[in-house]
Amino acid sequence: MSEEQSLLEFPCQFAIKVMGRTSPDLDVLVVEIVRRHSPDLREGAVTSRPSKAGNYTAITVMIDASSRQQLDAIYRDLTASPHILMAL
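So, here's what we can say about the structure. Here the structure is a predicted model, which means the values were calculated and not measured.

The rules behind these values
- In this convention, every chain numbers its residues from 1, walking through the sequence in written order.
- Only residues with pLDDT of at least 70 get local features here, since the model is predicted, and only at 80 or more are side-chain atom pairs given and counted; chain-wide, interface and lining totals rely on the full set of residues.
- As a convention, hydrogens and water are excluded, and side-chain values are obtained from all of the structure's heavy atoms.
- The secondary structure listing takes helices from DSSP runs of H or I that are at least 4 residues long and strands from runs of E that are at least 2 residues long, numbered from the N terminus.
- To estimate the expected span of a helix, count its residues, drop one, and scale the result by 1.5 Å.
- The classification of residues rests on relative accessible area computed with a 1.4 Å probe and restricted to protein chains. Under 20% of the type maximum is buried, over 50% is exposed, and intermediate values are partly exposed.
- Contacts are assigned to residue pairs with any non-hydrogen atoms lying within 4.5 Å of each other.
- Exposure above 30% relative accessible area and no salt bridge define the residues that can form patches, which grow by joining like charges within 9 Å and nonpolar side chains of Val, Leu, Ile, Met, Phe, Trp and Tyr within 5 Å.
- Each accessible area value is a Shrake-Rupley result obtained with a 1.4 Å probe; residue values ignore everything except the protein chains displayed when judging cover.
- Take a side-chain nitrogen of Lys or Arg and a carboxyl oxygen of Asp or Glu: if they are within 4 Å of each other, that pair is a salt bridge.
- A strand pair is defined by DSSP finding two or more bridges across the two strands.
- Buried residues of nine kinds, namely Ala, Val, Leu, Ile, Met, Phe, Trp, Tyr and Cys, make up a nonpolar core once their side-chain atoms join them within 4.5 Å.
- In this description, a line fitted to the C-alpha atoms serves as the axis of each element, helices being fitted only across the stretch in contact, and the angle between N-to-C directions of two axes falls anywhere from 0 to 180 degrees.
- Orientation is classified from the angle alone, with under 35 degrees giving roughly parallel, over 145 giving roughly antiparallel, 65 to 115 giving roughly perpendicular, and any other angle giving oblique.
- Handedness of a crossing is defined here by the sense of rotation of the near helix relative to the far one, left-handed for an anticlockwise turn of less than a right angle and right-handed for a clockwise turn.
- Residues are grouped as follows: Ala, Val, Leu, Ile, Met, Phe, Trp, Tyr, Cys and Pro are nonpolar; Asp, Glu, Lys and Arg are charged; all remaining types, including Gly, are polar.

**A few points about helix α2 (residues 68-80)**
Since the α-helix advances by 3.6 residues per turn, residues separated by three or four positions end up pointing in the same direction. If you check α2, its first and last C-alpha atoms are 18 Å apart, about what 13 residues at 1.5 Å a residue would give, namely 18 Å. Among the residues of α2, those classed as buried are Gln70, Leu71, Ala73, Ile74, Tyr75 and Leu78. On the buried face of α2, the contacting elements are β1 (12-21), α1 (26-37), β3 (56-65) and β4 (84-87).

So, in structure tokens, the structure goes:
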């Protein structure tokens, strides 16, 4: 799907949701990967929530997305990490 056919209108606010096994460095890893493609994250852009049993952590990062290519690159890098189980 080309950018002309995309349902998103760029630039826009976009929520990237990530899930991984709970570890002290998971938030840092996710932010580091996202910042490679969106260096100017806003204050409060990252929220995290542990699962009920605490085994997994869900992290949401709000970015100012500039293109479909930028989002694709973020998702490629996130899913390439062995510490990340899922990215939506």
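**Quick notes on a nonpolar patch on the surface**
Taken together, the side chains of Met19, Leu85, Met86 and Leu88 make up a nonpolar region of the molecular surface, amounting to roughly 370 Å² of accessible area. Inspection of the secondary structure assignment puts methionine 86 in strand β4. For methionine 86, a relative accessible area of 39% puts it in the partly exposed group.

**What to know about the pairing of β3**
Bridge count between β1 and β3: ten bridges; the pairing is antiparallel. In the sheet register, cysteine 12 faces β3, and the bridge partner there is alanine 65. Pairing analysis gives five bridges linking strand β2 (residues 46-50) to β3, with the strands arranged antiparallel. Across the sheet, valine 46 pairs through a bridge with valine 61, a residue of β3. Counted along the chain from β2 to the antiparallel partner β3, the turn is five residues long, and its residue glycine 54 has a positive phi close to 80 degrees.

**Observations concerning the side chain of serine 38**
For serine 38, the position within the fold is in the loop between α1 and β2. Setting aside chain neighbours within four positions, we find serine 38 in contact with Ile63, Asp64 and Gln70.

**Some thoughts on the nonpolar core**
If you look at soluble globular proteins, the nonpolar side chains tend to sit buried side by side. If you look at the biggest cluster of nonpolar residues, it comprises 22 residues, and the most contacted ones within it are Ile16, Val30, Ile63 and Leu78. Broken down by secondary-structure element, the contributors of at least two residues to this core are β1, α1, β3, α2 and β4.

**Here we look at the sheet that holds β3**
Pairing is antiparallel in the open sheet, where four strands are placed in the order β2-β3-β1-β4. This sheet does not close on itself; its edge strands, each paired only once, are β2 and β4. With strand direction ignored, the average angle separating the axes of adjacent strands in the sheet is 25 degrees. The strands touched by α1 within the sheet are β1, β2, β3 and β4, with β3 carrying the most contacts at an inclination of about 25 degrees. Packing against the sheet, α2 makes contact with β1, β3 and β4, and its axis sits at approximately 10 degrees to β1.

**A word on the packing of α1 against α2**
As a packed pair, α1 and α2 sit with axes 9 Å apart at the nearest point and diverge in direction by 150 degrees. Judged by the angle between their axes, α1 and α2 are roughly antiparallel. When the axes of α1 and α2 are compared, the crossing they make is right-handed. Taken together, the residues of α2 that come into contact with α1 (itself represented by Val30, Ile33, Val34, Arg36 and His37) are Gln70, Ala73, Ile74, Asp77 and Leu78. Along the lines of polarity and charge, the residues of the contact of α1 with α2 split into six nonpolar, two polar and two charged.

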